[in-house]
Every structure is written in C-alpha cells, then in structure tokens.
Amino acid sequence: MPVRKSGEEERNTSGTGSLLHGAEWSAMQPALRKRQDAALQLAFLSSHRQGSRDIDSSVKRPQFQLDLWCFFTIQNWVLDFGRPIVMILVPLEWLPLNKPIVGDYFHMAYNIITPFLLLKLIDRSPKTLPLSAVYICIITFVMGASINLVGDSMNHRLLLSGYQLHLSVRENPIMKNLNPPSLVDSFELLYYYDENFGRCMWYIPFFLILLLYFSGCFTILKEEKRMPVSAWLLLAPSSLYYWYLVTEGQIFILFIFTFFAMTATVMHKKRKGLVPDSNGLFLLYSFSIALVLLTVWVACLWNDKILRRKYPGVIYIPEPWAFYTLHIRDKHRL
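A brief structural summary. The model shown is predicted, which means the values in this text are computed figures rather than measured ones.

**What to know about the packing of aromatic side chains**
Under the criterion given, the structure shown has 26 aromatic pairs. Aromatic pair Trp-69 and Tyr-213: ring centres 6.0 Å apart, planes at 70°, arrangement edge-to-face. Taken together, the positions of Trp-69 in helix H2 (residues 66–89) and Tyr-213 in helix H6 (residues 183–215) put the pair 144 residues apart, joining distant regions of the chain. Take Trp-69: its relative accessible area is 1%, and that puts it in the buried class. Its relative accessible area of 1% is what places Tyr-213 among the buried residues.

**What about helix H7 (residues 229–249)?**
A rise of 1.5 Å per residue sets the reference length of H7, with its 21 residues, at 30 Å; its end C-alpha atoms lie 30 Å apart and thus fit the reference within 8%. Just downstream of H7, Gln-250 is the residue with a positive phi angle, here 55°.

**Focus on the pattern of salt bridges**
Here the structure, examined in full by the defined rule, presents eight salt bridges. We note a salt bridge from Arg-83 to Asp-152, for which the minimum N-O separation is 2.9 Å. A residue pair is termed long-range when its members are at least 10 positions apart, and Arg-83 in helix H2 and Asp-152 in helix H4 (residues 131–160) qualify at 69 residues. Asp-152 carries the same exposure label as Arg-83, and that label is buried. Across the pair Arg-170 and Asp-185 runs a salt bridge whose closest N-O atoms are separated by 2.4 Å. Residue Arg-170 is located in the loop between H4 and helix H5 (173–176), and its partner Asp-185 is located in helix H6; the two are separated by 15 residues in the primary sequence. The class for Arg-170 is partly exposed, based on a relative accessible area of 44%.

**With respect to the packing of H2 against H7**
Working note: a packed helix pair is described by the angle between its axes plus the distance between those axes. Relative orientation of the contacting elements H2 and H7 amounts to 35°, with a least axis distance of 10 Å. Judged by the sense of rotation from one axis to the other, the crossing of H2 with H7 is left-handed. Residue-level contacts link Leu-66, Trp-69, Cys-70, Phe-72, Thr-73, Asn-76, Trp-77, Asp-80, Phe-81 and Pro-84 of H2 to Ser-230, Leu-234, Pro-237, Ser-238, Leu-240, Tyr-241, Tyr-242, Tyr-244 and Leu-245 of H7.

**What to know about the environment of Arg-308**
Mapped onto the elements of the fold, Arg-308 is located in helix H10 (residues 305–310). For Arg-308, a relative accessible area of 27% puts it in the partly exposed group. For the pair Arg-308 and Pro-318, spaced 10 residues apart in sequence, the C-alpha separation works out to 8.2 Å. Once you skip the residues sitting within four places of it in the chain, Arg-308 turns out to touch Trp-302, Gly-313 and Tyr-316.

**Some details on the nonpolar core**
Membership of the largest hydrophobic core comes to 68 residues, with the highest contact counts inside it found for Trp-69, Phe-206, Tyr-242, Leu-283 and Phe-287. Mapped onto this core, the elements with two or more residues apiece are H2, helix H3 (102–123), H4, H6, H7, helix H8 (252–271), helix H9 (278–300) and helix H11 (320–327). In terms of residue count, H6 provides more of this core than any other element does, 10 residues in total.

**Concerning a nonpolar patch on the surface**
Taken together, the side chains of Leu-189, Tyr-192, Tyr-193 and Phe-197 present a nonpolar region at the surface, about 400 Å² in accessible area. Within the element layout of this structure, Tyr-192 appears in helix H6. For Tyr-192, a relative accessible area of 43% gives the class partly exposed.

What counts as what
- Residues numbered from 1 in each chain as written.
- Predicted model: local features only at pLDDT ≥ 70, side-chain atom pairs only at ≥ 80, totals over all residues.
- Heavy atoms only, no water.
- Phe/Tyr/Trp six-rings, centres within 6.5 Å; stacked < 30°, edge-to-face > 60°.
- Helix = DSSP H or I, 4+ residues; strand = E, 2+ residues; numbered from the N terminus.
- Buried < 20%, exposed > 50% of the residue type's maximum accessible area, 1.4 Å probe, protein only.
- Expected span 1.5 Å × (residues − 1).
- Salt bridge = Lys/Arg side-chain N within 4 Å of Asp/Glu carboxyl O.
- Axes fitted to C-alpha atoms, helices over the stretch in contact; angles between N-to-C directions.
- Left-handed = near helix turned anticlockwise from the far one by under 90°.
- Contact = heavy atoms within 4.5 Å.
- Core = buried A, V, L, I, M, F, W, Y, C linked by side-chain atoms within 4.5 Å.
- Patch = residues over 30% accessible without salt bridge, like charges linked within 9 Å, V, L, I, M, F, W, Y side chains within 5 Å.
- Areas by Shrake-Rupley, 256 points an atom, 1.4 Å probe, with all protein chains shown as cover.

In structure tokens, the structure reads:
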C-alpha cells in the first residue's frame, strides 16, 4: 500500500521545490535580460541605421550626374527624334522595305540603351527606391517600346505609299482603295496598338521612373540649390526633347500630372527643410520649359482647321510629323 506523507513532509517537499524553481528562475533571469537587451539594441541599431541613411542621403553633397544626363540627351535626340529623319534621308535602295531599315535599328538600340540608362539613374539616386516597382516599370517600358517599334516601322512604309498622318486611318486615300475593305480594320488595330496601347506602356513607366528618381533629389545644403554650367548647357536640348515627346506621343495628361507631382513633392519637402539638388532642378526646369514650348506650339496652330479635325476635343496638341506631312512634305515635293 502507498505510504501517505504527513502534512509536514508535504510542506517541506513543496517548499524545497519552490526554492529550486525560484533558484532556477533567478539563474534564468540574467540570460533573459541579455536576450531582451540584445533585441532592443538590434531594433535600435536598425532604426538608427535607417535614420542615418535618410539623413546621409540629404546631408551628403549631391553631384550633378553629367555623364548620365549627357548620354540620356544624346541618345534621345539621335535614336528617338532622329529616327524618322534618318528614315527619310536614307535612300530606299540601300535597304528593301521587306527588311528592317535604318530607323528600325535605331529603335532597337533605343529599346536597349534607354532601360540601361534609367537603371543607372535609379542606382545613383541618393534615396533607396523600391526595386520591385523599378523592375516592373523597366519591363513594361521595354514591352511598350517594342510594340511601338513595329507600329513605327509599318507607319514609315505607309508614308512611302502616300499615307497622310494628318488624316485618320479611314479617311486616308490609300485606305479607301483597299480590297477587301475589312483590311482597314486591321490597320486601325495596328494604329491602336501603336498610338494608344504601346505608347501607354512606353511612357507611363518612363515618367514614373523619372518621378521616383526626382523624389530622392533633395538636400538640406542651401548652397546646392543651383545648377552647374554643364546643366544649363543641357537644359535647352533636354527641354526641347520633352516637348517633342509630349506632342508626338500625345501624352499631355501624363506629362502635366508628372509635372504637378514634381511641384507637389517640392512643396512637401520644403516643409521639412529640404530643397531640390542640381539633378532635381534640372528635371524641374526641363519640364517647365517644355510646358512653355508646348503652349507656344498650340497657340501657333490653334486656327488650323485640318489639324483640328485630326485632334478634336478640349486637348488640342498636334503632332509635329502630322504638321510635316500637311504643310511641308507636299510643298517640298512641288
């Protein structure tokens, strides 16, 4: 039979167990304190590093990215703006129309070089930007520019056949003679992919990356609130290219929203004592001058009735190449 312990023995046993448990707990407390202190120190250091990173990005002296902006401006003018000019100047005998022509190779080079320059621009940003958003923008940009490559290549071949850019697809004389007439629907689909879908996928990521980069171009150094001479020299060609991009790409709404977002960012940062550095000023001034050029362009063509038919609605911004086919090309042939 089990022997029942007396009450005094039970109290002694429980007391001894409590003492042992208390001793073990006392021995574990320093280890727990060390773990808690280590966790607190780790959290403090991580927050301190993050804060130091934000402070360093504003305190360290920013430099104007002359090499990137110079390459960016040159390749935009040569590979984008100069592409249709080269296609007009190069004789057709050099490259047959059933093969890629010089302008197509220019567009291919643009689709490779521009994403690389945008990635380098983001890489040099003083502010750490979300890489996932940047990568998605770059992938979408390449896809949209590639769609536009096919559309522009077909568009050039249509121009050589008498296609008139200042008219809609169905109003063009060469489209009225197509058999069967349902082929016009295919050309309208091509026009939609080129002028609407492709350009949205091209320009929205482009301006979004510029806006993300601009959000990190701020400093607390008052003496950096000016641009070097090299930036002023690049300002004119950069502004003129943005004017061409907005007019030819028909992306005024996207452009003006980006400009307003830049202005709002400047006002928000100013409350924190931050001012745009030389790179931020370069972007802001380029967009401002492009907006002025855009206003002058619209004012000069405000009463053009033929272009008004091509661009109806409140936002009237004629494309430069539509103006060329209407007022320059035919007169030059005569």
